Amino acid sequence: MGRSASRRAGEEDGDRSSGAAALPRALALTLASALVWGVAHLVTGRRTAGGLLLALYVVLLAAVGAAGTVYRSDLLQLAVRPEIVERLSVGLLALGLVWVFIVIRSYQILRPIRLSVPARALGAAAVAVMCFAVAVPAVWSAHGTYVYRDALTSIFRSGGGNGKQVDADDPFDGQARVNILLLGGDAAEERSGVRTDSMTVASVDTETGDTVLLSLPRNLEGFQLPPGPARDRFPYGFTGDGPQTPGLLNEVFQYAEDHPDVVPGVPKHERGPELLKATIAGILGLRVDYYILVDMFGFADIIDAMGGVRINIEQPIPYGLEGAVLEPGNRTLTGKEALWYGRSRTNSSDYVRMGRQKCLLAAIAEQADPQTVLTSFDKLAAAAKRTLSTDIPQELLPALMKLSERVKSGAEIESLQFVPPLIYTGSPDFDLIRKLAADAVSTDPRPVSGDADGGSPETATSTAPPTAPGTAGGSPSGSATPSEPPSEPVSLEASCP
């Protein structure tokens, strides 16, 4: 009985040499098993276990390769589903544990018998280093997915903020275009509240990804608020809240936040976006589906986390409060410099600044490559949570990711700015604005106004305010006409230096 047991043990250890001289070979084969599962088992004659480990390893590699190539588009859509990201995080931790176990077990079946204490310690230390090298990437990846999921669920809420339900089979509800209001908020320390100094509707074709950017100036005046309590308060057009607020478009957001009665039933931090969406829907005569608000000061943190942004500066731009200048040329700007590039009006105008802001956003989108995102992921996620707010629901993100792939794959991106000499901001021709907007997105022009709750514009009523007692309505004689350039969208790429 004793001899039989000894004989079986000898067969199991047939490939295990004795003595410290065999330790390097055992460690080398353990390392090989850490790189390619099953090597140690195959070398020691455990063909079944070795074959299964090797097959599993090949399947994992094939799956990763296919996900990154053949199914890349599907992978990107899954990457914006929080429940999938959570499972991925758990799966990465499980993979790390399995990998560590394989390394340890490989050394166990390879370890030479009758090792001295120092040799045992050396072998254990070497295996610990291998386990550490395997575990760190798995833990780092799991942590990254956790941070990503946290940012995803913090910025994009389930169901959105407007109560819209998303049908997975028809996420855009049969609409030919999805219109998203892009807002740049200027919440400086020296002022209370948020001024939306950048307001652009991105109208995206849901089939082709072709995009038209319709930009309204911050100092647009004389516009109507949507029907309901807001229009009841300002029947002749928005006039602001006292002498310090003359009634500009960039004041609507904060006015709604400060006066909940003009947007009844809407909670704080959502009143401003809802009233501004409905107001801009009326001005343009287009439905506004969602909004994204970017805090311009927090935006600088995103740029710094990216390592800066490359911009071609055509004219000297004042920088800071001490007379510094951003010189012309191809330059990599820090977050603070980029903020000044996008906000400066010195020796310039609101309308030139609007163009620079769009070019800055385009440059950031182009330069945010996967390597940049991965190397600064924690900083980018934290900055995004501080900087971005939106009512886009989580359930719409897969469809938007699919649409963004079409945009990046050669879809046309055009821009149209409603600024002088095309539109006189002091007394705008709203019929002209709506006609140009409709032509730009290839829809029939129809003057409309939005609901007070931010719903889709439906009624064919003019949004130009009625003539107030004692005032002259309409546009001045010097207003722009459709023949004045630029009355059609121009390529964003061509308009950026």
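The structure contained in this document is the topic of the report that follows. Values in this document were obtained by computation on a predicted structure and should not be read as measured data.

Cut-off values and rules
- All residue numbers here refer to positions counted from 1 along the written sequence of the relevant chain.
- pLDDT decides what is reported in this predicted model: residues at 70 or higher carry local features, side-chain atom pairs at 80 or more are listed and counted, and totals for whole chains, interfaces and linings draw on all residues regardless.
- The basis for every side-chain value is the complete set of non-hydrogen atoms in the structure, without hydrogens or water.
- Helix and strand assignments follow DSSP, with helices taken as H or I runs no shorter than four residues and strands as E runs no shorter than two, numbered in order from the N terminus.
- Buried residues are those whose accessible area, probed at 1.4 Å on protein chains only, stays under 20% of the maximum for their type, while exposed residues exceed 50% and partly exposed ones sit between those limits.
- Contacts are assigned to residue pairs with any non-hydrogen atoms lying within 4.5 Å of each other.
- Per-residue accessibility takes into account occlusion by the displayed protein chains alone, with areas from the Shrake-Rupley method and a 1.4 Å probe.
- The directions considered for the arc run from the helix axis to the C-beta atoms.
- Pairing between two strands requires that DSSP report at least two bridges joining them.
- Salt bridge, as used here, is a side-chain nitrogen of Lys or Arg placed within 4 Å of a carboxyl oxygen of Asp or Glu.
- Every angle, taken between N-to-C directions, lies between 0 and 180 degrees, and every axis is a line fitted to C-alpha atoms, over only the stretch in contact when it is a helix.
- Oblique is the label for any angle not under 35 degrees, not over 145, and not in the 65 to 115 range, which are roughly parallel, roughly antiparallel and roughly perpendicular in turn.
- Handedness of a helix crossing follows the sense of rotation of the near helix relative to the far helix, less than a right angle counterclockwise being left-handed and clockwise being right-handed.

1. Looking at the overall build of the chain
- The helix and strand tally for the chain stands at 18 helices and 11 strands.
- By residue count, 44% of the 497 residues in the chain fall in the buried class.
- Expressed as a percentage of contacts within the chain between residues at least 6 apart in sequence, the contacts between residues at least 24 apart total 70%.
- About 24,900 Å² of surface is accessible on the chain, with carbon and sulfur atoms providing 58% of the total.

2. As for the environment of Tyr-57
- You can see Tyr-57 is positioned in helix 4 (residues 47–68).
- Once the C-alpha coordinates of Tyr-57 and Trp-37 are considered, the two residues, 20 residues apart in sequence, prove to be 6.0 Å apart.
- Residues in contact with Tyr-57, not counting those within four places in the same chain, are Leu-35, Val-36, Trp-37 and Trp-99.

3. Regarding helix 15 (residues 377–387)
- Of all the residues in helix 15, the buried ones are Phe-377, Leu-380, Ala-381, Ala-383, Ala-384 and Thr-387. The buried residues of helix 15 all sit within an arc of 165° when viewed along its axis, so they share a single face. Exposed residues on helix 15 whose side chains face more than 90 degrees from its buried face are Lys-379 and Arg-386.

4. As for the pairing of strand 4 (residues 290–295)
- Relative to strand 4, strand 1 (residues 177–186) runs parallel, the two sharing six bridges. Note on strand 4: the bridge partner recorded for Gly-184 is Val-294.
- Here strand 4 runs beside strand 9 (residues 388–390); their pairing, made up of three bridges, is antiparallel. The partner of Val-294 across the bridge, within strand 9, is Leu-388.

5. Side note on the pattern of salt bridges
- With the rule as written, the count across this model stands at 12 salt bridges.
- The salt bridge partner of Arg-195 is Asp-197, with a shortest N-O separation of 3.7 Å.
- Exposure remark for Arg-195: the relative accessible area of 28% places this residue in the partly exposed category.
- Two residues, Arg-233 and Asp-261, come together in a salt bridge whose shortest N-O distance is 2.0 Å. With a gap of 28 residues between them, Arg-233 in helix 8 (residues 229–233) and Asp-261 in the loop between helix 9 (252–258) and helix 10 (271–284) connect regions that are remote in the sequence.
- According to the relative accessible area criterion, Arg-233 is partly exposed, its value standing at 36%.
- We classify Asp-261 as partly exposed; its relative accessible area is 40%.

6. Quick notes on the packing of helix 2 (residues 23–35) against helix 7 (residues 117–155)
- At a minimum axis separation of 11 Å, helix 2 and helix 7 run at an interaxial angle of 15°. Of the possible angle classes, the one that applies to helix 2 and helix 7 is roughly parallel. Between helix 2 and helix 7 lies a crossing of right-handed hand. Counted together, Leu-23, Leu-27, Thr-30 and Leu-31 of helix 2 and Ala-119, Leu-122, Gly-123, Ala-126, Val-127 and Met-130 of helix 7 form the full contact between these two elements.

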